[in-house]
Amino acid sequence: MKFQKLAAVITAMPNLQSMLLSGPPGIGKTALAEEVGANMGDDTIVEVRDLCSHLPEDILGLPWREGDATLYAPPTWLRRLSKPGVKGVLVLDDLGAASPAVQTAAFKLVLERRSGDCILSDGVKIIATTNRKEDKSGATVLPAALRNRCCIQELDVDSDEWCLWATQHEVPGDVVAFIRFKPSMLSHLPKDADKVGAFATPRTWTMVGRSLDAAKATEAVYEVAAGLIGEGNAVEFTAFVRLRAEIPDPRAVLLNPQKELPNPPRASEPDRLVALVTALAEHAAPMSNERTALGKRIPELFLRAVAHVTSSGREYASSGILTYAANNGNVNSLIKAATAGKNDPVLSPFLDHLRRALNPNGK
């Protein structure tokens, strides 16, 4: 199931139903739990426990003696989630890779919603996450008793959803544009790691984005990228970053595409086409929301610029439209500009292709 749909399903599920999310490493299972917490409201506590670094007593609490009885002093996070009226999401992260003793301690929380003398509030959801055994990431097959009491869902990797999420979380445009160009490079498995062990996942691509300014400043884009996503991916990404730095000024192309780009890229140059249309979209989107005479014209200018740039490779235009929308471009104004231009000799063929590309079923 895709990220947004699964987040909506988990949010709507009864809190008493524990969820078990599986999937390859680094695809956003923990981020999905945080999305569920955001859906539940601003006062929701999201508690993520990395079980790989836990001991059993980190979950059960420390035992102490009172007279003839042994009691447990619960950890602070467990006490907090056990208060009446509390809303929260408890994430038991990497359950499949935890030690057997930690798994046993966590099972009581999943199965009975309690640990020691602490009973989780009715407003708390439990989400356990695990990698799949076939991912070769150290995960084990969880016991049947646990699997039989959880709603098991697998999180799918979707490049369009990730690109939207990445844009909303300020991942640089170079990274997002590259994934639109090469979506197959978004997620690899540990078995595909390079000789030093690096491999590409949505998590490591996000790390590349966070490190990109420093990498550019020190002229070490390849070295930094290789350390996060592997050598092969880094070679292609570095070439794309250099290409994006060499394209004409997107603002100038947006305002006068025929003058600034008299010879648009050919269909045999897909990397250059994607680099240009995504850069155009990144510039046009904020300008389309400006309450100025130019701002009102930007949606039409953007459509004309993309039509010109993709004149020999229409299939790459959709990357620009999706990037424009992801960057909070004025979509309503774009639709109005497209409607007004349906009989325009320049825009009409382009809009017909774009309509078919974005609505393959004619809906």
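For the structure, see preceding data.
Notes on the structure follow. One numbering rule holds for all chains: residues counted from 1, following each sequence as written. For a predicted model such as this one, the threshold for reporting local features is a pLDDT of at least 70, and the threshold for listing and counting side-chain atom pairs is 80 or more; totals across whole chains, interfaces and linings nevertheless cover every residue. Values shown for side chains rest on all heavy atoms present in the structure; no hydrogens or waters enter the calculation.

## Focus on the packing of helix α8 (residues 173-181) against helix α9 (residues 202-217)
For clarity, the cut-off: Angular values range over 0 to 180 degrees, each being the angle between N-to-C directions of two axes fitted as lines to C-alpha atoms, with helices fitted over their stretch in contact. Working definition: helices are DSSP H or I runs of at least four residues, strands are E runs of at least two. Numbering for both runs from the N terminus. An angle below 35 degrees is read as roughly parallel, one above 145 as roughly antiparallel, one from 65 to 115 as roughly perpendicular, and any other as oblique. What makes two residues a contact is simply this: any of their non-hydrogen atoms within 4.5 Å. The nonpolar class holds Ala, Val, Leu, Ile, Met, Phe, Trp, Tyr, Cys and Pro. Asp, Glu, Lys and Arg form the charged class, and all remaining residues, Gly among them, are polar.
Running from N to C, α8 and α9 cross one another at 130 degrees; their axes reach a closest spacing of 9 Å. Considered as vectors, α8 and α9 are oriented oblique to each other. Facing D174, V175, F178 and I179 of α8, the residues of α9 in contact are W205, V208, G209, L212 and K216. For the contact of α8 with α9, a count of residues per class yields six nonpolar, one polar and two charged.

## Thoughts on helix α14 (residues 270-287)
Stated precisely, the cut-off is as follows: By this rule the span expected of a helix is its residue count minus one, scaled by 1.5 Å. Each residue gets one of three labels from its accessible area relative to the maximum for its type: buried under 20%, exposed over 50%, partly exposed in between, using a 1.4 Å probe on protein chains only.
Taking 1.5 Å of rise per residue, the 18 residues of α14 would be expected to cover 26 Å, and the 26 Å separating its terminal C-alpha atoms lies within 8% of that figure. Those residues of α14 that fall on the buried side of the exposure criterion are L273, V274, A275, L276, V277, T278, A279, L280, A281, A284, A285 and M287. Among the structural elements, α8, α11 (231-246), α12 (250-255), α15 (293-309) and α16 (317-326) are those in contact with the buried residues of α14.

## Quick word on helix α7 (residues 159-168)
For clarity, the threshold we go by: The arc in question is the one spanned by the directions pointing from the helix axis to the C-beta atoms. We call two N or O atoms a polar contact when they sit within 3.5 Å, provided that within protein one can donate a hydrogen and the other can accept it, with sequence-adjacent residues counted only if both atoms are side-chain atoms.
Burial in α7 covers these residues: S159, W162, C163, A166 and T167. Looking straight down α7, one finds that the buried residues subtend no more than 135 degrees of arc, so they occupy a single side. In this structure, the buried residues of α7 make contact with α8, α9 and α16. Near the N-terminus of α7, the side chain that reaches the backbone nitrogen of D160, with its oxygen 3.3 Å away, is that of D158. With its phi angle positive at about 60 degrees, E170 sits one or two positions after the end of α7.

## Some details on the packing of helix α1 (residues 3-12) against helix α2 (residues 29-40)
To keep things clear, this is the line we draw: Crossing handedness: left-handed means the near helix sits turned counterclockwise from the far one by under a right angle, and right-handed means the same turn made clockwise.
Here α1 crosses α2 at 50 degrees, and the two axes come no closer than 9 Å. When the axis of α1 is compared with that of α2, the two are oblique. α2 is crossed by α1, and the crossing has right-handed handedness. Together, F3, Q4, L6, A7, I10 and T11 of α1 and A31, L32, E35, V36, N39 and M40 of α2 make up the contact between the two elements.

## With respect to the packing of aromatic side chains
As a reminder of what qualifies: Think of it this way: a Phe, Tyr or Trp ring, Trp meaning its six-membered ring, pairs with another when their centres are within 6.5 Å, and the plane angle makes it stacked under 30 degrees, edge-to-face over 60, tilted otherwise.
Counting across every chain of the model gives seven aromatic pairs. The interplanar angle of 70 degrees and the centroid separation of 6.4 Å between the aromatic rings of F178 and F181 together place this pair among those described as edge-to-face. Note that F178 and F181 are positioned in helix α8 at a spacing of three residues, about one turn of the helix. Looking at F178, the relative accessible area reads 0%, which means it is buried. Measuring from centroid to centroid gives 5.5 Å for W205 and F237, while their planes differ by 70 degrees, and the two rings are edge-to-face.

## Here we look at the side chain of K125
Cut-off, in case you're wondering: Asp and Glu are treated as the negative residues and Lys and Arg as the positive ones, with His and the ends of the chain left uncounted. Put simply, a salt bridge is a Lys or Arg side-chain nitrogen that is within 4 Å of an Asp or Glu carboxyl oxygen.
As for its placement among the helices and strands, K125 is situated in strand β8 (residues 124-130). Buried and without a salt bridge, K125 has D122 as its closest oppositely charged side chain, separated by 12 Å. A distance of 3.3 Å separates a polar side-chain atom of K125 from the backbone oxygen of T11. The contacts of K125, once residues within four sequence positions are left out, are I10, T11, M13, P14, N15, V36, M40, G88, V89 and L90.

## Thoughts on the pairing of strand β5 (residues 88-93)
Two faces belong to every sheet, and in a regular strand the side chains alternate between them. Test applied: Any two strands between which DSSP finds at least two bridges are classified as paired.
Most of β5 sits inside the fold, with six of its six residues counted as buried. Burial along β5 is two-sided: G88, L90 and L92 and V89, V91 and D93, pointing in opposite directions, are all buried. Relative to β5, strand β2 (residues 45-50) is paired through six bridges, and the arrangement is parallel. Bridge assignment links E47 to a residue of β5, and that residue is L90. For β5 and β8, the ladder comprises five bridges, and the chain directions are parallel. Within the sheet, the bridge partner assigned to V91 lies in β8 and is I127.

## Regarding the nonpolar core
Convention followed: Working definition of a nonpolar core: buried Ala, Val, Leu, Ile, Met, Phe, Trp, Tyr and Cys residues. They are joined through side-chain atoms within 4.5 Å.
In this structure, W162, W205, F237, F302 and F350 are the most contacted members of the largest nonpolar core, which totals 59 residues. For this core, the element with the most residues is α14, which contributes 11 residues. Leaving out residues up to four positions away in the same chain, F350 has contacts with L303, V306, A307, T310, R314 and A317. In this structure, L51, W77, V86 and I126 belong to the second largest nonpolar core, which totals 25 residues.

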